[in-house]
Amino acid sequence: MGEKNTTAAARDRSLRAAQASADAGKSEEARTADRGCGKPKQGAGDGSTNRGKLSRTLEGKKEQARESLGRTEALTGVALGCFLAWVPMTFQSLNIVGDKGEPVLDTVYLISICTLLLTQILIGIEHRRCALWLAKRPARVGSAIAMAASTLLLPVAAGWADGESATGAFAASIALTTASGVVSGVSSGLFLAQFGILMSKFSAKATAAIAALGYLCMSALFCLFSFFGPLESCLFAASMPVISSFLRDTGASTQKGKQAIDDKPLPAQTEPASPENRRQLRHLTLALALCCALIGCANELARTLYIQMGIAGAGGQYYAFIQAGAALIIGLGATVIMLALVSMKTPRAPELCYRILMLFLALGALLLPTPLLYPISAVAPYALNSAAFQCYGILAWVLICGACHQYPATSVRVFQFVRAGWTFGPLIGMLIGRFVVNCTPFELAQVFPCAVLGAVLVMMAAMAFTEHDLAFAVNLLPTDRKRRFIDKCLAVAARCGLSERETEIMTLFAKGRNLAYIQDQLCLSKSTVSTHRQHIYQKLGVHSSQEMIDLIQEEKA
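Attention in this report is confined to the structure presented alongside it.

What counts, and where the lines are drawn
- Residues numbered from 1 in each chain as written.
- Predicted model: local features only at pLDDT ≥ 70, side-chain atom pairs only at ≥ 80, totals over all residues.
- Heavy atoms only, no water.
- Helix = DSSP H or I, 4+ residues; strand = E, 2+ residues; numbered from the N terminus.
- Contact = heavy atoms within 4.5 Å.
- Areas by Shrake-Rupley, 256 points an atom, 1.4 Å probe, with all protein chains shown as cover.
- Salt bridge = Lys/Arg side-chain N within 4 Å of Asp/Glu carboxyl O.
- Buried < 20%, exposed > 50% of the residue type's maximum accessible area, 1.4 Å probe, protein only.
- Core = buried A, V, L, I, M, F, W, Y, C linked by side-chain atoms within 4.5 Å.
- Arc of directions from axis to C-beta.
- Axes fitted to C-alpha atoms, helices over the stretch in contact; angles between N-to-C directions.
- Parallel < 35°, antiparallel > 145°, perpendicular 65-115°, else oblique.
- Nonpolar A, V, L, I, M, F, W, Y, C, P; charged D, E, K, R; others polar.
- Patch = residues over 30% accessible without salt bridge, like charges linked within 9 Å, V, L, I, M, F, W, Y side chains within 5 Å.
- Disulfide = S-S within 2.5 Å.
- Phe/Tyr/Trp six-rings, centres within 6.5 Å; stacked < 30°, edge-to-face > 60°.
- Lys NZ or Arg CZ within 6 Å of the ring centre and 35° of its normal.
- Left-handed = near helix turned anticlockwise from the far one by under 90°.

### Let's talk about the overall build of the protein
Then, number 1: Scanning the protein from terminus to terminus reveals 21 helices and 0 strands.
Then, number 2: Relative to all contacts within the protein whose residues are 6 or more apart in sequence, the contacts with residues 24 or more apart total 82%.
Then, number 3: As displayed, the protein offers around 26900 Å² of accessible surface, 64% of which is attributable to carbon and sulfur atoms.

Given below as structure tokens:
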């Protein structure tokens, strides 16, 4: 009997010990659930096994995403280079039309650039209607085919203009010249807008890589173009927009399954809700557009005069080959320097890069009279000017696409208005350069004021887009660090079951924004924001903003 009582007592003690151990484990899980959105942990063995599988799966997906992003950057960069090369091939070289077709080429270029400017302004005004239409496949394919067709019309228009039979051929030449200019201007405007929509979805580093590769490919393709005869040149130039469209769409399609870029459609194009954001965005758009217009005017003026001096001293394909090769080499070196500066971690790096670019742009303008003062070729100073402008183009692409990425609801209008300034400047510079070349004695007395004007335009551009504006624009860039933070916020929101509005508010609070800012930014009342914050705290199992930030920082996106 005593043995039975002893055995029962021992069994009771074992049960109580097991129950106490289970209660201890349960309270530990409860404490974990308070900071883990109410989800209890698994057993030690199962948890470590599942975490190992999850870690390997995530690493594999990250590696696939990095490989896919590299392919997409390369394809998009080459596509951009093909589009950029189409412009000098078609309008800035006599390979297609020959020496006798230069008047036709000048007329087509003038009509095209005016039409392009008008197209960009109209798309910017009607951005709400154009945003959805630009993303459709017929618009993407149709704009590339129209650009190719306008190129093929050029030699036909030049041939008829040179005909002796005259009345009918002359009238047909005028019609073809006008058609080529109008079609090329409209289609290239649509094509460029589609590029802007795509590139605004990349990170700042990816955009810089794409733009740098694009400008280098442009120089290389134009150098190759210089070897061709009239027929080959025409076909090669006409193929550029078609190849560009194919590579661009191929690069974008490789990302859909891997989410290396944001493949969501553009939101409805509306103004930012915050008055302060509207003011800042308008100021940034105006400053960038004005800076691009002034820099573009100085560069096109210098380009027109440099080419005139170079052709007089060298001539034809030989000059085109030398200047394209020199621009490629110097452009490569300048691009490497610029990317190195942009990649620096110091906050002054963008300002230093901007100052160096402005210095080289002003130097390229001031070197204009050197071929007339000294018996040297215009190739070297023109190559310097071209390389500096290409590097500025890379920086401008990064800043424009960064602003569009930050404000996707107004990205189409911002991109179009800035690009309109980029188009208007070269138009004015070309007209001034043509006036100096054709209507005045081409001597030092006329070239020297143009050099001073170019340098003044560069200084005015630096004052229009100040280093303060540059710092604000750089702060908008979608860097990898910002993306990792957003990924962590989205991971916490998905794990804890937050709604879309709660996720938006949690992200803003995690960025350090106060209640008044969020209320103004999202057009919500103070009580609504406070209620959402309480719901967020409850779902996350935290009691303060600092605990919420700690939870997000500990998350592995």
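### Let's talk about the pattern of salt bridges
Then, number 1: Tallying each qualifying case throughout the model produces 10 salt bridges.
Then, number 2: Of the charged contacts in the structure, one is a salt bridge between D106 and R434, with a shortest N-O distance of 3.1 Å. One end of the pair, D106, is in helix 3 (residues 102-125); the other, R434, is in helix 14 (residues 411-439), and 328 residues separate them in sequence.
Then, number 3: What makes D106 partly exposed here is its relative accessible area of 24%.
Then, number 4: Note on R434: relative accessible area 27%, which makes it partly exposed.

### So, the nonpolar core
Then, number 1: Ranked by internal contacts, the top residues of the largest apolar core, which has 89 residues, are M89, I295, W397 and F465.
Then, number 2: When residues in this core are grouped by element, the largest group, 13 residues, is from helix 13 (residues 379-406).
Then, number 3: With residues up to four places along the chain from it excluded, the contact list for I295 reads M358, L361, F389, Y392, V458 and A461.
Then, number 4: Counting 23 residues, the second-largest nonpolar core is a separate cluster that includes C489, C496, L498 and I518.

### Details of helix 16 (residues 467-475)
Then, number 1: Residues of helix 16 that are buried include every one of D469, L470 and A473, and no others. Down the axis, helix 16 shows its buried residues gathered within 100° of arc, on one side only. Along helix 16, the residues that are exposed and aim more than 90 degrees away from the buried face are H468 and N475.

### A few points about the packing of helix 18 (residues 500-510) against helix 21 (residues 545-554)
Then, number 1: Close contact between helix 18 and helix 21 brings their axes to 10 Å; oriented N to C, the two are set at 100°. With respect to helix 21, the element helix 18 is oriented roughly perpendicular. Of helix 21, the residues touching helix 18 (which contributes M506, F509 and A510) are S545, M548, I549 and I552.
Then, number 2: Residues that form the contact of helix 18 with helix 21 fall into these classes: 6 nonpolar, 1 polar and no charged.

### Here we look at a nonpolar patch on the surface
Then, number 1: The grouping of L372, L373, Y374, L444, F448, V452, V456, M459, M460 and M463 at the surface amounts to a nonpolar patch, some 950 Å² of accessible area in total.
Then, number 2: If you tally residues by element for the nonpolar patch, the top one is helix 15 (residues 444-464), at 7 residues.
Then, number 3: Note on placement: V456 falls in helix 15.

### Some details on the state of the cysteines
Then, number 1: According to the stated counting rule, one finds 0 disulfides in the structure shown.
Then, number 2: Counting only cysteine sulfurs, C404 is the nearest neighbor of C401, a cysteine outside any disulfide, at a range of 6.1 Å.

### A word on the packing of aromatic side chains
Then, number 1: Applying the stated rule across the entire model yields 9 aromatic pairs.
Then, number 2: A connected cluster of aromatic rings, assembled from ring pairs, spans F83, F191 and F195.
Then, number 3: The lysine or arginine in question, R248, covers the ring of F191, its NZ or CZ lying 4.5 Å from the ring centre.
Then, number 4: When the ring centre of F195 is taken as origin, the NZ or CZ atom of R248, which lies over that ring, is 5.5 Å away.

### Here we look at the packing of helix 7 (residues 204-225) against helix 8 (residues 230-253)
Then, number 1: Packing of helix 7 against helix 8 brings their axes to within 10 Å, and their N-to-C directions diverge by 160°. Judged by the angle between their axes, helix 7 and helix 8 are roughly antiparallel. Of the two possible hands of crossing, helix 7 and helix 8 adopt the one that is right-handed. Facing helix 7, whose interface residues are L221, L224 and F225, helix 8 presents S233, F236, A237 and M240.
Then, number 2: Here the contact of helix 7 with helix 8 is composed, by residue class, of 6 nonpolar, 1 polar and no charged.

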